[in-house]
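Given next are the chains, with one letter for each unit.
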Amino acid sequence: MSILNKNLQFHIKTNPAQIGRYVITPGDPGRVPLIAERLENAVQVACNREYNTYTGELDGEKVSVVSTGIGGPSAAIAVEELIRCGADTFIRVGTSGGMDLAVTGGDLIVAQAAIRGDGTSQEYLPPHYPAVADFAVTKALAEAAEQLSQDEDGKRFHVGVVQSKDSFYGEVEPETMPIAAFLEQRWESFLRCGCLASEMEAATIYAVAMTRGVRAGAVLTALWNVERSKAGLPDRHTENSDRAITCAVNAIRRLIKIDNN
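Scope of this entry: the structure provided in the associated data block.

Reading guide: rules and limits
- Throughout, a residue's number is its position along its own chain's written sequence, starting from 1.
- Whole-chain, interface and lining totals are the exception, using all residues; otherwise, since this is a predicted model, local features are given only for residues with pLDDT of at least 70 and side-chain atom pairs are given and counted only at 80 or more.
- The basis for the side-chain values is all heavy atoms of the structure; hydrogens and waters are excluded.
- Each nonpolar core is a collection of buried residues, namely Ala, Val, Leu, Ile, Met, Phe, Trp, Tyr and Cys, held together in the definition by side-chain atoms within 4.5 Å.
- Remark: exposure states derive from per-residue accessible area (1.4 Å probe, protein chains only) relative to the maximum for the residue type, with buried under 20%, exposed over 50%, and partly exposed in between.
- The way it works is that DSSP assigns letters per residue, a run of H or I at least four long becomes a helix, a run of E at least two long becomes a strand, and they are numbered from the N terminus.
- A side-chain nitrogen of Lys or Arg and a carboxyl oxygen of Asp or Glu constitute a salt bridge if their distance falls within 4 Å.
- The pairing criterion is simple: DSSP has to find at least two bridges between the two strands.
- Inter-axis angles, ranging from 0 to 180 degrees, are taken between N-to-C directions of lines fitted to C-alpha atoms, where helices are fitted over the stretch in contact.
- Handedness of a crossing is defined here by the sense of rotation of the near helix relative to the far one, left-handed for an anticlockwise turn of less than a right angle and right-handed for a clockwise turn.
- Whether two residues touch is decided by their heavy atoms; if any such pair falls within 4.5 Å, the residues are in contact.
- Charged means Asp, Glu, Lys or Arg here, nonpolar means Ala, Val, Leu, Ile, Met, Phe, Trp, Tyr, Cys or Pro, and polar covers whatever is left, Gly included.
- The patch calculation keeps residues exceeding 30% relative accessible area without a salt bridge and links them within 9 Å when they carry like charges or within 5 Å when they are nonpolar (Val, Leu, Ile, Met, Phe, Trp, Tyr).
- Using the Shrake-Rupley algorithm and a 1.4 Å probe, accessible areas are obtained, with residue cover drawn only from the displayed protein chains.
- Each angle is binned into one of four classes, with values under 35 degrees roughly parallel, values over 145 roughly antiparallel, values of 65 to 115 roughly perpendicular, and all other values oblique.

All right, on to the nonpolar core then. Among the nonpolar cores identified, the biggest contains 33 residues, and Val23, Leu82, Phe90, Ile109, Val162 and Tyr206 are the most heavily contacted of them. Ranked by residue count, the leading element in this core is helix H6 (residues 202-212), at six residues. Residues Leu39, Leu141, Ala145 and Ile252 belong to the second largest nonpolar core, which totals 29 residues.

Below you can see the structure in the form of structure tokens.
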């Protein structure tokens, strides 16, 4: 007998009646109720492991908020099971470390593509195939971010490529790793290519979405930028994701309007 139930999902513990077409996916379970406050009549419908799920309404459409946990494997499970519940549009709201010198802590980053430094996407896409966001979702996020931004440190927005990786400490303390030379050389190559920031889930979410034929995008808050510190440039540190949350909600409003026309 299969452990996979076509109704109640094995990990996220939801059924199709509980999930909206549009889903916001933070990593942190604790961020879910904060995002759900932006919806109408939102209630918690499930909570299991790292997966905290609320569903409410936005402009007359059912919208869910579901945490993915940290990293690719758990994110892939969440997206797979949400698709089985009928979801077809995903926006990751997350945090990142800035890389490009133009990025300051507090800036928003709309990830139009992600470097596949994760392991999970390798089980979805061929080795050299890119992990790319859906154009309509990216456009909606960029337009929403522009309205929320100013030409001021910590209040700008950027659209471009981010790095997704599996090892947080391989990024922040590469010199402690046996493969330090490889990690440092790879990081330098990403900087030369204009990579905006480093995070841990976008490539996986994009790979699953591309494989299953659904839409996905991501908006990230840059918490800080270590490269600015290294270069002796001023930087900001923030743990506030409010602007990214507002960006995601406003982008879904745009998508709802487009989809209903």
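Read on for the rest.
The next thing to look at is the pattern of salt bridges. Counted under the stated rule, the structure contains 15 salt bridges. Across the salt bridge formed by Lys139 and Glu143, the nearest N and O atoms sit 2.7 Å from each other. Residue Lys139 and its partner Glu143 are located together in helix H3 (residues 135-148), separated by four residues, close to a single helical turn. Judged by relative accessible area, which is 42%, Lys139 ranks as partly exposed. You can call Glu143 partly exposed: its relative accessible area is 28%. The partner of Arg254 in a salt bridge is Glu143, and the shortest N-O contact between them spans 3.0 Å. Of this pair, Arg254 sits in helix H8 (residues 242-259) while Glu143 sits in helix H3, and the two are 111 residues apart along the sequence. Its relative accessible area of 25% is what places Arg254 among the partly exposed residues. Sharing partners across several salt bridges, the network here consists of Arg21, Asp88, Arg215 and Asp259.

Another aspect to go through is the pairing of strand E4 (residues 61-66). In terms of strand pairing, strand E1 (residues 22-26) meets E4 through three bridges, oriented parallel. Pairing of Tyr22 across the sheet is with Val63, part of E4. Note: strand E3 (residues 51-58) against E4, six bridges, orientation antiparallel. When the sheet's bridge partners are listed, Leu58 is paired in E4 with Glu61. Remark: two residues form the turn of the hairpin made by E3 and E4, two consecutive strands paired antiparallel; Asp59 in that turn has positive phi of roughly 50 degrees.

Quick look at the packing of helix H2 (residues 72-84) against H6 now. Between H2 and H6, whose axes approach to 9 Å, the crossing angle comes to 30 degrees. Handedness of the H2/H6 crossing: right-handed. Counted together, Gly72, Ala75, Ala76, Val79, Glu80 and Ile83 of H2 and Thr204, Ile205, Val208 and Arg212 of H6 form the full contact between these two elements. Of the residues that constitute the contact of H2 with H6, the class distribution is six nonpolar, two polar and two charged.

Attention now moves to the pairing of strand E10 (residues 215-225). Of all 11 residues in E10, 10 are buried, a share of seventy percent or more. Strand direction decides the pairing type here: strand E5 (residues 89-98) and E10, joined by 10 bridges, are parallel. Bridge pairing in E10 places Gly97 opposite Trp224. Strand direction decides the pairing type here: strand E6 (residues 108-117) and E10, joined by three bridges, are antiparallel. By the bridge assignment for E10, Leu108 is matched with Thr221.

Before going further, it helps to examine a nonpolar patch on the surface. A contiguous nonpolar surface patch, about 280 Å² in accessible area, is contributed by Ile3, Leu4 and Phe10. In this fold, Ile3 is placed in the segment before E1.

Tracing the chain through its elements places Thr25 in strand E1. In this structure Thr25 comes out as buried when scored by relative accessible area, which is 1%. Excluding residues within four positions of it along the chain, Thr25 makes contact with Val66, Thr68, Phe90, Ile91, Arg92, Val93 and Ile205.

Glancing now at the packing of H3 against H8. For any two helices packed against each other, the geometry is given by the interaxial angle and the distance between the axes. Running from N to C, H3 and H8 cross one another at 125 degrees; their axes reach a closest spacing of 8 Å. Put simply, H3 runs oblique to H8. Between H3 and H8 lies a crossing whose hand is right-handed. On H8, the residues touching Ala136, Val137, Ala140, Leu141, Glu143, Ala144, Ala145, Gln147 and Leu148 of H3 are Arg243, Thr246, Cys247, Ala248, Asn250, Ala251, Arg254 and Leu255.

Here Lys13, not a glycine, exhibits a phi torsion of approximately 60 degrees, which is positive. In this structure, Lys13 sits in the segment before E1. Accessibility expressed as a relative area gives 34% for Lys13, which makes it partly exposed. We note that Arg49 has phi near 55 degrees; this positive angle belongs to a residue other than glycine. On the secondary structure map, Arg49 appears in the loop between strand E2 (40-48) and E3.

The values reported here are purely geometric and, on their own, carry no functional implication.
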